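A look at the structure
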Amino acid sequence: MKPNLSGKTASSCFSAGAVILAGVLWGCISIFIKHLNAGGLDSFQIAWVRMVMATLMFGAFTLITDPGKLRIRLRDVWMFIGTGIVSVVLFNISYFYTMTHTDASVAVVLLYTSPVFIMLMSAVLFRERITPVKLIALVLTVGGCVLVAGLLGGGYTIPPFCILTGLGAGLFYALYTIFGRYALARYDTVTVTFYTFFFGLIGSTPLGKIGATVSSFRADPTLLLWGAGIGLVSTVLPYFLYTWGLRRMDSGKAAILVAVEPLVGALIGMTVYHESHDALKLLGMGCIFAAIILLNLPDGRKKV
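Let us look at the structure shown here. Given the structure is predicted, the values throughout are model-derived calculations rather than measurements.

1. Notes on a nonpolar patch on the surface
Where nonpolar side chains cluster on the molecular surface, the patch consists of Phe44, Leu90, Ile93 and Leu207 and spans about 270 Å² of accessible area. Looking at the element boundaries, Leu90 is found in helix H4 (residues 77-101).

2. Some remarks on the side chain of Asp76
Here Asp76 is to be found in the loop between helix H3 (43-65) and H4. A polar side-chain atom of Asp76 sits 2.6 Å from a polar atom in the side chain of Arg186. For Asp76, the contacting residues outside a window of four places in its chain are Arg186 and Tyr187.

3. Considering the packing of aromatic side chains
Summed over all chains, the structure comprises 23 aromatic pairs. Aromatic pair Phe58 and Phe240: ring centres 6.1 Å apart, planes at 45°, arrangement tilted. Taken together, the residues Phe58 in helix H3 and Phe240 in helix H11 (residues 223-246) connect sequence positions 182 residues apart. One aromatic cluster in this structure is built from Trp26, Phe58, Phe61, Phe91, Tyr95, Tyr173, Tyr176, Phe197, Tyr239, Phe240 and Tyr242. Over the ring of Phe126 we find Arg181, and its NZ or CZ is 5.9 Å from the ring centre.

4. Describing unusual backbone geometry
For Arg127, which is not glycine, the phi dihedral falls at a positive 55°. Take Arg127: it is sitting in the loop between helix H6 (114-125) and helix H7 (132-149). Despite not being glycine, Lys209 has its phi angle at roughly 45°, a positive value. On the secondary structure map, Lys209 appears in the loop between helix H9 (189-204) and helix H10 (210-219).

Analysis parameters
Residues numbered from 1 in each chain as written. Predicted model: local features only at pLDDT ≥ 70, side-chain atom pairs only at ≥ 80, totals over all residues. Heavy atoms only, no water. Patch = residues over 30% accessible without salt bridge, like charges linked within 9 Å, V, L, I, M, F, W, Y side chains within 5 Å. Areas by Shrake-Rupley, 256 points an atom, 1.4 Å probe, with all protein chains shown as cover. Salt bridge = Lys/Arg side-chain N within 4 Å of Asp/Glu carboxyl O. Helix = DSSP H or I, 4+ residues; strand = E, 2+ residues; numbered from the N terminus. Polar contact = N/O pair within 3.5 Å; in protein donor to acceptor, adjacent residues only side chain to side chain. Contact = heavy atoms within 4.5 Å. Phe/Tyr/Trp six-rings, centres within 6.5 Å; stacked < 30°, edge-to-face > 60°. Lys NZ or Arg CZ within 6 Å of the ring centre and 35° of its normal.

Put into structure tokens, the structure is as follows:
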């Protein structure tokens, strides 16, 4: 009698879909950032608003639906300091510095060294296999990001410290997956997501220029809508979806699937902001799509 794999196949598809959708929602963040920045908020203020909105929204949701999921043991706080402060806050600082002092395309490519960090750390910490399928998908992903960012033939000179901060952004971005896997071994997806936001809020508050931020919202109340948007659409939903999917697949695969984010960002740039869409950029998008398809082929799934 042959085993029925339909349940496992459906579960795998849902998990991959959740992680890819998380990447799509993260890729939409530029829409909210541009409106908030136009309203007078700098990067650090936007990061603080993002954490305030996410903590309030997800905290209220959890209190109403299942307040018991807010209980954690004191000895496990280090996990959420890891996801919220080490990952979210230090990632923002490194990423924003890199974007401020060099081209945004350079910052994006350096950020997406994160799958490399995740794959290596997961092999050491969680004994996840580095298979040929993963390596091919990783090469396609990194190469696709380089092409989407338009780095080839650009003749960029990158300040050495920006290389360090850009790689730091990739590392801290990757650490959410690593700390998150430890936390998910003991806690529900809802618990991990909420405390990531809570500790991210604690860590970002000293940088948030609260007085100036509140004044900006008073001067233009429509900023509240964009603040709520970045909190819900590009924070609460994608972090929850990614954490949910991470619980059901290995870290290296999740890291590559979520790389749909720069692809979505590039599509928004081309369609909404009328940025260039040359052949190399389109080829890069194709590489990222190819990596995602490769990881989800029925025959390749058993090898990953």
